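Here is how the chains run, residue by residue.
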Amino acid sequence: MDDALNLAQVKAELSYLNRLDERRETNVASLKRLKEARDALLGRGGEVAGVSTSRRS
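Cut-off values and rules
Residues numbered from 1 in each chain as written. Predicted model: local features only at pLDDT ≥ 70, side-chain atom pairs only at ≥ 80, totals over all residues. Heavy atoms only, no water. Helix = DSSP H or I, 4+ residues; strand = E, 2+ residues; numbered from the N terminus. Buried < 20%, exposed > 50% of the residue type's maximum accessible area, 1.4 Å probe, protein only. Areas by Shrake-Rupley, 256 points an atom, 1.4 Å probe, with all protein chains shown as cover. Salt bridge = Lys/Arg side-chain N within 4 Å of Asp/Glu carboxyl O. Patch = residues over 30% accessible without salt bridge, like charges linked within 9 Å, V, L, I, M, F, W, Y side chains within 5 Å. Expected span 1.5 Å × (residues − 1). pLDDT = per-residue confidence, 0-100.

1. Focus: the overall build of the protein
A count of helices and strands for the protein gives 1 helix and 2 strands. Each helix and strand of the protein, placed in order from N terminus to C terminus, yields the pattern α-β-β. Residues counted as buried form 4% of the 57 residues belonging to the protein. Surface summary for the protein: the accessible area is close to 5,400 Å², and the carbon and sulfur share equals 56%.

Below, the structure written as structure tokens:
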């Protein structure tokens, strides 16, 4: 019984982590599009007021 419960918990945690990873990928893609749109609107190559956008990937 304990093995079945542990397996169910592991499966639930893996499912949760997969959903988080999918959400992260969506957020990263959205952020990239927003930065590109901002840069296009400002007519700059990725810098605003001297602050670089190249932080973390």
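2. Overview of the pattern of salt bridges
Side chains that carry opposite charge are capable of pairing whenever their charged atoms lie near each other. Counted by the stated rule, this structure contains 2 salt bridges. Linking Asp 21 and Arg 24 is a salt bridge whose minimum nitrogen-to-oxygen distance equals 3.0 Å. In this pair, Asp 21 and Arg 24 both sit in helix 1 (residues 2-42), 3 residues apart, roughly one turn of the helix. A relative accessible area of 46% means that Arg 24 is categorised as partly exposed.

3. Details of a nonpolar patch on the surface
Taken together, Val 10, Leu 14, Tyr 16, Leu 17 and Leu 20 make up a surface patch of nonpolar side chains, about 450 Å² in accessible area. The residue Val 10 is located in helix 1 in this model. Judged by relative accessible area, which is 42%, Val 10 ranks as partly exposed.

4. Re helix 1
Across its 41 residues, helix 1 extends 59 Å between first and last C-alpha, which sits within 8% of the 60 Å expected from 1.5 Å per residue. Gly 43 sits one or two positions beyond helix 1 and adopts a positive phi of about 70 degrees.

5. Structural notes on the confidence of the model for the protein
Any residue range with low pLDDT should be treated as having predicted coordinates unsuitable for detailed reading. Averaged over every residue, the pLDDT of the protein is 86; the share at 70 or more is 75%. Within the protein, strand 1 (residues 47-48) has the poorest average pLDDT of any element, 53, and helix 1 the best, 97.

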